[in-house]
Amino acid sequence: NHHAAAAGWGDHKAKYNAPLAPEWKAWTGIDGKKMNQVEIAQFIENNLVDVAEPEGATLLEICRTLEAKKKVTFASSIRLSDGNNQFTFSEEVQGSAQQGQLSIPEVFVIGVPVFENGEKWRVDVRLRYRIEEGGRLVMWVELVRPHKVIEEAVKELRARIAEGTGLVILNGTPASRG
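As the structure is a prediction and not an experimental result, all values here were calculated from the model.

Novice: Which parts of the structure should I look at to understand the packing of aromatic side chains?
Specialist: Any two aromatic rings considered together are summarised by their centre-to-centre distance and by the angle between their planes. Counted by the stated rule, this structure contains two aromatic pairs. Taking 4.8 Å as the distance between ring centres and 85 degrees as the angle between the ring planes, the aromatic pair formed by Trp27 and Phe43 counts as edge-to-face. Of this pair, Trp27 sits in helix H1 (residues 22–30) while Phe43 sits in helix H2 (residues 37–46); the two residues are 16 residues apart in sequence, bridging distant segments of the chain. With respect to burial, Trp27 and Phe43 carry one shared label: buried. Members of the aromatic cluster, connected to one another through ring pairs, are Trp27, Phe43 and Phe108.

Novice: Looking at this structure, how should I read the environment of Leu170?
Specialist: For Leu170, the location among the structural elements is in the segment after helix H4 (146–165). For the pair Leu170 and Arg158, spaced 12 residues apart in sequence, the C-alpha to C-alpha distance is 9.0 Å.

Novice: Sorry if this is basic, but what is going on with unusual backbone geometry here?
Specialist: The phi angle of most residues is negative, glycine excepted, and most peptide bonds adopt the trans form. Notably, Asn117 is not glycine yet its phi reads approximately 60 degrees, a positive angle. In this structure, Asn117 sits in the loop between strand E4 (107–113) and strand E5 (120–131). A positive phi is found at Arg145, a non-glycine position, where the angle reads about 50 degrees. Along the chain, the position of Arg145 falls in the loop between strand E6 (137–143) and H4.

Novice: Explain the sheet that holds E6 here, please?
Specialist: Adjacent strands of a sheet pair through backbone hydrogen bonds, lying either parallel or antiparallel. Read from one edge to the other, the open sheet built from four strands follows the order E1-E4-E5-E6, with strand pairing classed as antiparallel. The strands lining the two open edges of the sheet, one partner per strand, are strand E1 (51–53) and E6. The sheet shows a mean angle of 40 degrees between the axes of neighbouring strands, taken without regard to direction. Strand direction decides the pairing type here: E1 and E4, joined by two bridges, are antiparallel. Directly across from Val51, in E4, lies its bridge partner Ile110.

Novice: Explain the environment of Ala159 to me, please; I cannot follow it from the model alone.
Specialist: Structurally, Ala159 can be placed in helix H4. The exposure class of Ala159 is partly exposed, given its relative accessible area of 46%. When the C-alpha atoms of Ala159 and Ile169 are compared, they prove to be 8.2 Å apart, with 10 residues separating the residues in sequence.

What counts, and where the lines are drawn
- Residues numbered from 1 in each chain as written.
- Predicted model: local features only at pLDDT ≥ 70, side-chain atom pairs only at ≥ 80, totals over all residues.
- Heavy atoms only, no water.
- Phe/Tyr/Trp six-rings, centres within 6.5 Å; stacked < 30°, edge-to-face > 60°.
- Helix = DSSP H or I, 4+ residues; strand = E, 2+ residues; numbered from the N terminus.
- Buried < 20%, exposed > 50% of the residue type's maximum accessible area, 1.4 Å probe, protein only.
- Pairing = 2+ DSSP bridges.
- Axes fitted to C-alpha atoms, helices over the stretch in contact; angles between N-to-C directions.

Right, here's the structure in full:
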């Protein structure tokens, strides 16, 4: 209000804390979280609409039918002359999905809004799986550089607000005068 014809106190402010979209919260909530096969398949099924590449149904089928085998080889040798031991360890994990030949994608793509009612953003997601002790299959997803997606979404939101209001958008609190 210090820009009006009559001087004001400069105390008029508008603040908008953009709420995160439920879709963004769902995917960032499982980022790096190890799950069993049923849990990850249920998550993918519940969020199928977010999967852009490959088709969501294909990704769901992969998660439901993934079969992994672990082959471990140990070798040991001892030198009798000086008693030195040498151990060799080799581990090979092979994964495949049934239903013909479905290849397991290293990365898949989701399209989700970062902010409520916002535009959808492309996010690359890594699909990971391991066989843990006892032969238990665990799976998880890793969002690729989600902080960069947020940075771009914030930039775009600020630009839209500036364009819609005709005002300069400030980030942070202006220094006090005095």
